[in-house]
Amino acid sequence: MASLSAAISRSSSSPCFPPPNPNTASLSHHRNIFHSQCRAFPLSRPSLFLRKGLTLPPGRESQSTRICASVADVSLNLSVEEKQLPKGDTWSVHKFGGTCVGTSQRIKNVADIIIKDDSERKLVVVSAMSKVTDMMYDLINKAQSRDENYVAALDVVLEKHSQTAHDLLDGDHLASFLSQLHQDINNLKAMLRAIYIAGHATESFTDFVVGHGELWSAQMLSLVIRKNGVDCKWMDTREVLIVNPTSSNQVDPDYSLSQQGLEKWYSLNPAKVIIATGFIASTPQNIPTTLKRDGSDFSAAIMGALFRARQVTIWTDVDGVFSADPRKGFEAVILKTLSYQEAWEMSYFGANVLHPRTIIPVMRYGIPIIIRNIFNLSAPGTKICHPSVIEDEDKQDLQNFVKGFATIDNLALVNVEGTGMAGVPGTASAIFGAVKDVGANVIMISQASSEHSVCFAVPEKEVKAVAEALQSRFRQALDAGRLSQVAVVPNCSILAAVGQKMASTPGVSATLFNALAKASINVRAIAQGCSEYNITVVIKREDCIKALRAVHSRFYLSRTTIAMGIIGPGLIGSTLLDQLRDQASVLKEEFNIDLRVMGIISSKSMLLSESGIDLARWRELRDEKGEVANLDKFVHHVHGNHFIPNTAIVDCTSDSIIAGHYNDWLRKGIHVVTPNKKANSGPLDQYLSLRALQRQSYTHYFYEATVGAGLPIISTLRGLLETGDRILQIEGIFSGTLSYIFNNFKDGRAFSEVVAEAKEAGYTEPDPRDDLSGTDVARKVIILARESGLKLELSDIPVESLVPEPLRDCASAQEFMQQLPKFDQLLSKKQEEAENAGEVLRYVGVVDVTNKKGTVELRRYKKDHPFAHLSGSDNIIAFTTRRYQNQPLIVRGPGAGAQVTAGGIFSDILRLASYLGAPS
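Source: prediction; values computed, not measured. Residue numbers run consecutively from 1 along every chain, following the written order of its sequence. With the structure being a predicted model, the display of local features is reserved for residues of pLDDT at least 70 and the display and counting of side-chain atom pairs for 80 or more, all residues being used for whole-chain, interface and lining totals. No hydrogens and no water enter the side-chain calculation; it runs on all heavy atoms of the structure.

Undergrad: What is the right way to look at the overall build of the protein chain in this model?
TA: For the protein chain, the count of helices and strands is 34 helices and 34 strands. Looking at the protein chain as a whole, 57% of its 920 residues are labelled buried. Every residue pair with non-hydrogen atoms within 4.5 Å of one another is taken to be in contact. When contacts within the protein chain are restricted to residue pairs at least 6 apart in sequence, those whose partners lie at least 24 apart make up 73%. In these tables, accessible area is a Shrake-Rupley quantity obtained with a 1.4 Å probe, and a residue counts as shielded only by the protein chains included in the view. Roughly 38,100 Å² of accessible area belongs to the protein chain as shown, and the carbon and sulfur atoms make up 48% of that amount. Put simply, DSSP H or I for four residues or longer makes a helix, DSSP E for two residues or longer makes a strand, and each gets a number counted from the N terminus. Residue exposure (1.4 Å probe, protein chains only): buried if accessible area is under 20% of the type maximum, exposed if over 50%, otherwise partly exposed.

Undergrad: Help me understand the sheet that holds strand β34 (residues 889–894) in this model?
TA: Across the sheet, 5 strands lie side by side as β32-β31-β30-β33-β34; this open sheet has antiparallel pairing. The strands lining the two open edges of the sheet, one partner per strand, are β32 (853–862) and β34. When the angles between neighbouring strand axes are averaged without regard to direction, this sheet yields 20 degrees. Direction of pairing for strand β33 (residues 874–881) relative to β34: antiparallel, over a ladder of 6 bridges. Following the sheet pairing, aspartate 874 is matched in β34 by proline 894. Here an axis means a line fitted to C-alpha atoms, over the contact stretch when the element is a helix, while the angle between two N-to-C directions is reported on a 0 to 180 degree scale. Relative to the sheet, helix α31 (residues 775–787) contacts β30 (727–733), β31 (839–848) and β32, its axis offset from that of β31 by approximately 40 degrees. On top of the sheet, helix α33 (residues 824–836) reaches β31 and β32; it is set at about 100 degrees to β31, its chief contact. Each pair of strands is called paired provided DSSP finds at least two bridges between the two strands.

Undergrad: What is the right way to look at the packing of aromatic side chains in this model?
TA: Each aromatic ring pair is characterised by the separation of its centres together with the angle its planes make. Only centres within 6.5 Å qualify two rings of Phe, Tyr or Trp (six-membered ring in Trp) as a pair; their planes then separate them into stacked at under 30 degrees, edge-to-face at over 60, and tilted for everything else. On inspection of all chains with the given rule, the structure shows 13 aromatic pairs. For the pair tryptophan 91 and tyrosine 266, a centre-to-centre distance of 6.3 Å together with 80 degrees between the ring planes defines the contact as edge-to-face. Residue tryptophan 91 is found in strand β3 (residues 91–96), and its partner tyrosine 266 is found in helix α9 (residues 255–268); the two are separated by 175 residues along the sequence. Both residues of the pair, tryptophan 91 and tyrosine 266, count as buried. On the numbers, 5.8 Å between centres and 10 degrees between planes, the contact of phenylalanine 96 with tryptophan 315 is stacked. Of the two residues, phenylalanine 96 is situated in strand β3 and tryptophan 315 in strand β11 (residues 312–316); the sequence distance between them amounts to 219 residues.

Undergrad: Explanation requested: the sheet that holds strand β19 (residues 453–459) in the structure shown.
TA: Where strands meet in a sheet, backbone hydrogen bonds hold them as pairs that are either parallel or antiparallel. Taken in spatial order, the 6 strands of this open sheet run β18-β19-β17-β20-β22-β21, and their pairing is antiparallel. A strand with exactly one partner marks an edge of an open sheet, and here the two such strands are β18 (444–446) and β21 (525–528). In this sheet, adjacent strand axes meet at a mean angle of 30 degrees when their direction is disregarded. Sheet strands in contact with helix α11 (residues 340–348) are β17 (404–417), β20 (485–498) and β22 (534–540), and its direction is about 65 degrees off that of β17. Sheet strands touched by helix α16 (residues 463–473): β17, β19 and β20. Its angle to β17, the strand with the most contacts, is close to 30 degrees.

Undergrad: Looking at this structure, how should I read unusual backbone geometry?
TA: Backbone geometry at arginine 146 places phi at a positive 60 degrees, although glycine is not the residue there. Tracing the backbone shows arginine 146 in the loop between α4 (132–144) and α5 (150–168). For arginine 146, a relative accessible area of 48% corresponds to the partly exposed category.

Undergrad: I'm lost on the confidence of the model for the protein chain in this one. Help?
TA: Residues shown with low pLDDT carry predicted positions that ought not to be read at fine detail. For every residue, the predictor reports its confidence as pLDDT, a number between 0 and 100. Model confidence for the protein chain is summarised by a mean pLDDT of 84, while 84% of its residues fall at 70 or above. Here residues 394–399 is modelled with pLDDT under 50, and outside its nearest four sequence neighbours on either side it reaches 17 contacts, counting other chains as well.

What follows is the structure in structure tokens.
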């Protein structure tokens, strides 16, 4: 230890490694170099750099003070006046990547951008010059492989930075930088020589070497700015950023220690312009490390969080974030805004945005990130921020539910299935434990609640090892038949649709899958997280570009104008009108969709307009200019506008008489959109006539909201059928009212009490018998049965009514509610029997396509069944098909309410806009 302390003391007078003599160097000699020579480590606290018996000179000296460390405590007397670090909106953070500082001219351009920025205080994070980080890694690789060309390679690094400095600097600034540069190069030569002899470099040695590129670019940029008369200091972020390496080739910032380090650094180096090194940091033990690849972006985000900056601007070589990869051969668009979560999702799925970890620090404090192009300063770029900021600044982007699409190619799908998996704890852990043991990266996981199978996507180059590991791990289960197979589907790609809350927006999923179906794309697996920010599908690799173009064009390139007539401005109709009002300008400006409401009609009055009704004042205008309702005149007016060739009637009623006009309207070329169930659940010949007319003509009939309000039930069903799948059974909880009642009919509560609670909360119709009779569920079942190809009448569906026989003829809803408690015992007994059997009661509709029948009844389900885990008034529908035979495709979500129902109708209108010109 005495010799080590003495050696460290000598470092103050001998700051550089002596250049190695290749003729006399030996392993022992160079080990002695590491033990006996140490440059000062540039942190504000004393440190040693110990690694496997070697002492490494880990950093570079501070700009103003060289701190020498020894085993004993060292007290530092600093005469610099300490100043408190200001935080907040006065700071703006910029990050310039290697391309931005790749040449002397580009460094000048960066300096010009910084100087012209009118922010009060600026923190600038810079990467190494273009290709320098790769050159530094190459030095390590050459040295540890004992390739003597590392010496020449290091000379190239020296020449690159020396020439750049001569282009940028002069006088004392140039002399100062070159002096430091040569010291660093001499130190690196000694270190690389020792690595050459040892034939090995630890991760810490490697991190120390490769971090020099950032040190040099930061110093040069700071000197260029100072040359222009601006007071500027440069920061070696190893003195400030403290991170804890993890086992996954990542690091976790220690914000507390980093904050202390920053405040200490600033107290000694107060400045309004600070040039900081990206990529590099230190561990709590003062060991230099890096933030790994894309680390400079991460550095900027961490610094933004530490300074509580106004914004962080990431300068790159593209105009912003694209809606899809423009290299795929079509015209992607630049997104004006993204939420943090959207950017996170897109970056995970391979979009050229940011590393997902970069977003975490700024998201904590709501600091926006701006992606801008240093080569096109006129481009505003893409703003990544909190959704509420997007809503305030750019409402049209908030309404653009799908922001972008990303793809990952060269994947394989692994499917592990078997009846022995269901309900067996630890199965998933064993599967993914085996995957982890071979070091494979799982890109996506999909598993239904039945637990019968688990499928996941991995890189194709890793699938062989994964399959072998799983075969080995589950050999006994496979032989015993508890697992049926470990199947591999090669040549796959992932397509991810990303958007803020898009999964909770009715119709988005339907549009996505319908676009894929229209393009004859078969979906092999689907995954959607509860965060609702992306829908991920696995498709054939050869279909990837085709699928991307299909969904991108569906969401971004629709162009049409539609004259619309709204029938029934009641609760749902008025909500739809409000939604159309809020979205109209966005649709025009962003999507070239012009939805003009030419007329609104109720049972008593109507409002007509020649150019389109002002939806912000439609209620006032109806009172001022309304006329007596006349359905024929209304339809003629809406359809008779020769300036708008496309006409749509939107029926928001539940009137069977209105539904009887659909056939005539379609024959006239008027498209129909409706949540009215009467047409599709009425007489079979009427339904068959509508469907035949729809297939034979170019007019369209959309009725997604007739089943499940805004849930993509009918679209999902059609998508399955159009892609050649065969429906076996559709089973679901179709009533939000009955879902709420049976979700809360437990713990000894009386049935009448729960019904009264549902009525009070507004979940039931004014007369709860309309819900309890099951007729509404039967209509939804018959609609799905007919969509599946069954020719059934409503009378063919047996319905188990929950209205006691003696109460069906009660004179009023009030009388019914007063008498209902007398009949609680029957349902309470059923509930108790189910509870004792470990089951729950659910009121369901079933379409048995195989046996060509449908039923509506009260059924019991095990508590691990998907139907047993609903909350509130959610609907859930399970599609069992030839493809999804063992693991049903499940759609779940709110199935009632004016907002979601109107949203479902709105989705159909927009789908109509994209479908115009091709038969449905």
